[in-house]
Amino acid sequence: MASISGICYPSPALRLRLRRSLPILPPSCTRHLRPPRSIVGLPRSSSSAASSSAVPAEKIKNGAVEKDPIKLWHRYVDWLYQHKELGLFLDVSRIGFTEEFFDKMEPKLQKAFRAMQDLEKGAIANPDEGRMVGHYWLRNPKLAPNSFLRLQIENTLDAICKFADDVISAKIKPPSSSAGRFTQVLSVGIGGSALGPQFVSEALAPDNPPLKIRFIDNTDPAGIDHQIAQLGPELASTLVIVISKSGGTPETRNGLLEIQKAFREAGLDFSKQGVAITQENSLLDNTARIEGWLARFPMFDWVGGRTSEMSAVGLLPAALQAFISFFLLQGIDIKEILVGASMMDEANRTTVVKDNPAALLALCWSWASGGIGSKDMVVLPYKDSLLLFSRYLQQLVMESLGKEFDLDGNRVNQGLTVYGNKGSTDQHAYIQQLREGVHNFFVTFIEVLHDRPPGHDWELEPGVTCGDYLFGMLQGTRSALYANDRESITVTVQEVTPRSVGALIALYERAVGIYACLININAYHQPGVEAGKKAAGEVLALQKRILAVLNEASCKEPIEPLSLEEIAERCHVPEQIEMIYKIVAHLAANNRALIAEGSCGSPRSIKVFLGECNVDELYA
Ligand SMILES: O=P(O)(O)OC[C@H]1O[C@](O)(CO)[C@@H](O)[C@@H]1O
């Protein structure tokens, strides 16, 4: 038996014998218990377990958590939430909220349920923007407040399915590719117009899909070049989907312009391979219509970017990652995503808090972060394919909850910080700090019970598979953190399937909605992002003025190199000298301005001019 670092590797023959003699009980066998409806949400007298497991308030002083293993076990069983049909469990036992806390939150949660009911009925739940919030209708169009909206949703879904089928079956094909069909999808979009499609693709795309998807989600020219270079000659068989709700996001526009340039240089007609997903009559929509792009799909006013995974934004890219093999749909089944989300939404409509998984999450977040975001949410999926879930949740949670003012106009500076990658990988990165360092977080473990497709498993040491290690790492980390008073939630699904992914998205969308009600903020606008966008626009406007000033000085005979002070003075913005320095340094680094004297390390010494004088611009 070989041994490396204390791990034993038995011979294959011995492994086989051991495998036969040591049947492993699937972890799921321990999970068929339906928790008694007890403690809260029902009359106290209905539960005998309640009294034994309720955590006494005096045990929870100053954040100290219950440690008695038997009491913890009862707490686990009493609070375990199970969605039978979805095979989803939620364990909140390692969040130490007390009965008193629950009692205090119950009326607030009931108020939140009423607000969510109103929202689903079409109330203007986003008052700052005067908009309805309708992402729940996308997976259950019958809920839409009128038949016009219902038809819009249903017709769009039909159009998505038809277009995806036609592309996959090569009924729709690229005009000048020898492949005779599309082989690649390039999705251009940012924020909510990228994160959902990226997460779903990473989670669910088949290993070798007939249409491979890649993303441009930034205005980084090197990143864009990298994608185009990787496409190489396959640009001719690339379906480009440009996604932007507003149709005017600069990063997305730049991605589009860059890719259109690549098409021109390759002698290809972009319009025959371009698809737009955007609001009707947006800049992007009008461009696509006027240029006669291959297809256009609508994005609805009442769906926010970060909750748009189940609109055309998420569904079209996902649908293109499916294919038929032996008469069976392989890859991503978008209808299953919708079913999973719809089932989860239904579960989240109950007003019995203990039976409402989204409410339980919101309750835990309130307890763990004091309802003011005092602790961060570390999301740790123990499954590689869910790697991007934490990134997806980062936008969903932080763009929704990170607000300066509440709905009554009080300054509250709310939020809930989300980060994480995956377990057990992060064990070897930052878990050290989580276990022993600054105590400013709670963890959400995402557990997937099925390790591998049946028939593929094997024991890499007696009685233990690779997946058992992953399971052990999760359980070990959960226990080790809890032993040091670090609280955690565990969400468990059987498998990563379109249905469970839909359910996970819906679970967190609703938890965010409920939590936003608890802290009285508008979860559906993002005024803070606008400030950054506006400031970026001002920087670019200043750059244009600097270039004009430099151009004028560089057209003189002899050329007149300018100091930063001189540029600032001629631009009439002396207070902007630092920004002018940064712009000049960036232009110089990209050979668009030349430094005549000094160096960027000593800003006061710099004198700048342009390599070429543009006389036309002088007289423009
Ligand atoms: O889909 P759009 O309009 O291009 O916006 C992209 C993203 O930009 C934001 O407006 C701000 O980051 C997000 O809410 C949105 O998902």
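Residues numbered from 1 in each chain as written. Predicted model: local features only at pLDDT ≥ 70, side-chain atom pairs only at ≥ 80, totals over all residues. Heavy atoms only, no water.

Q: Can you explain the domain arrangement of the protein chain? Please cite residues and give values.
A: For the protein chain, the assigned domains read domain 1 (85-121 + 340-524), domain 2 (137-332) and domain 3 (528-609). Each of domain 1 and domain 3 was reduced to a C-alpha centroid, and the two centroids are 47 Å apart. (Domains from an automatic or database assignment.)

Q: Let's hear about the nonpolar core: which residues, and what values?
A: Within the largest apolar cluster, 111 residues are counted, with the highest numbers of intra-cluster contacts made by Phe 199, Trp 365, Leu 401 and Tyr 508. No fewer than three residues from each of domain 1 (85-121 + 340-524) and domain 2 (137-332) sit in this core. Each residue touching Trp 365, except ones within four places of it in the same chain, is listed here: Gly 370, Gly 371, Met 377, Leu 401, Leu 416, Phe 442, Ile 489, Tyr 508, Ala 511, Val 512 and Tyr 515. Listed in part, the 20 residues of the second largest apolar core include Val 242, Phe 270, Ala 276 and Trp 293. (Core = buried A, V, L, I, M, F, W, Y, C linked by side-chain atoms within 4.5 Å. Buried < 20%, exposed > 50% of the residue type's maximum accessible area, 1.4 Å probe, protein only. Contact = heavy atoms within 4.5 Å.)

Q: Which residues make up the sheet that holds strand β7 (residues 238-243), and what values do they have?
A: If you trace the five strands from one edge of the open sheet to the other, you get β6-β5-β7-β8-β9, paired in parallel fashion. Because the sheet does not close on itself, it has two edges, and the strands there are β6 (212-216) and β9 (295-298). Sheet twist, expressed as the mean angle between neighbouring strand axes with direction ignored, is 20 degrees. Of the pairings in the sheet, the one linking strand β5 (residues 184-188) to β6 comprises five bridges and is parallel in character. When the bridges of β6 are listed, Val 188 appears paired with Ile 216. Sheet strands in contact with helix α6 (residues 147-168) are β7, β8 (274-278) and β9, and its direction is about 150 degrees off that of β9. Contacts from helix α10 (residues 283-291) reach β7, β8 and β9 within the one sheet, and its direction differs from that of β8 by about 150 degrees. (Pairing = 2+ DSSP bridges. Helix = DSSP H or I, 4+ residues; strand = E, 2+ residues; numbered from the N terminus. Axes fitted to C-alpha atoms, helices over the stretch in contact; angles between N-to-C directions.)

Q: If you had to explain the packing of helix α18 (residues 527-554) against helix α20 (residues 577-589) to someone new, which residues and values would you point to?
A: The N-to-C vectors of α18 and α20 enclose an angle of 70 degrees; their axes lie 10 Å apart at closest approach. In terms of axis orientation, α18 runs roughly perpendicular to α20. Across the interface between the two elements, Val 539, Leu 542, Gln 543, Ile 546 and Leu 547 from α18 touch Met 579, Ile 580, Ile 583, Val 584 and Leu 587 from α20. (Parallel < 35°, antiparallel > 145°, perpendicular 65-115°, else oblique.)

Q: Run through the site of the ligand, naming residues and quoting values.
A: The immediate surroundings of the ligand are formed by 15 residues, with Ser 193, Ser 244, Ser 246, Thr 249 and Glu 399 found nearest. At a separation of 2.6 Å, an oxygen atom of the ligand approaches a polar side-chain atom of Ser 244. The contact in question runs from an oxygen atom of the ligand to an N or O atom on the side chain of Glu 399, over 2.6 Å. Against a free-state accessible area of 390 Å², the protein chains account for coverage of 89% of the ligand. Across the shell around the ligand, the residue classes tally to two nonpolar, nine polar and four charged. (Near = heavy atom within 4 Å. Polar contact = N/O pair within 3.5 Å; in protein donor to acceptor, adjacent residues only side chain to side chain. Areas by Shrake-Rupley, 256 points an atom, 1.4 Å probe, with all protein chains shown as cover. Nonpolar A, V, L, I, M, F, W, Y, C, P; charged D, E, K, R; others polar.)

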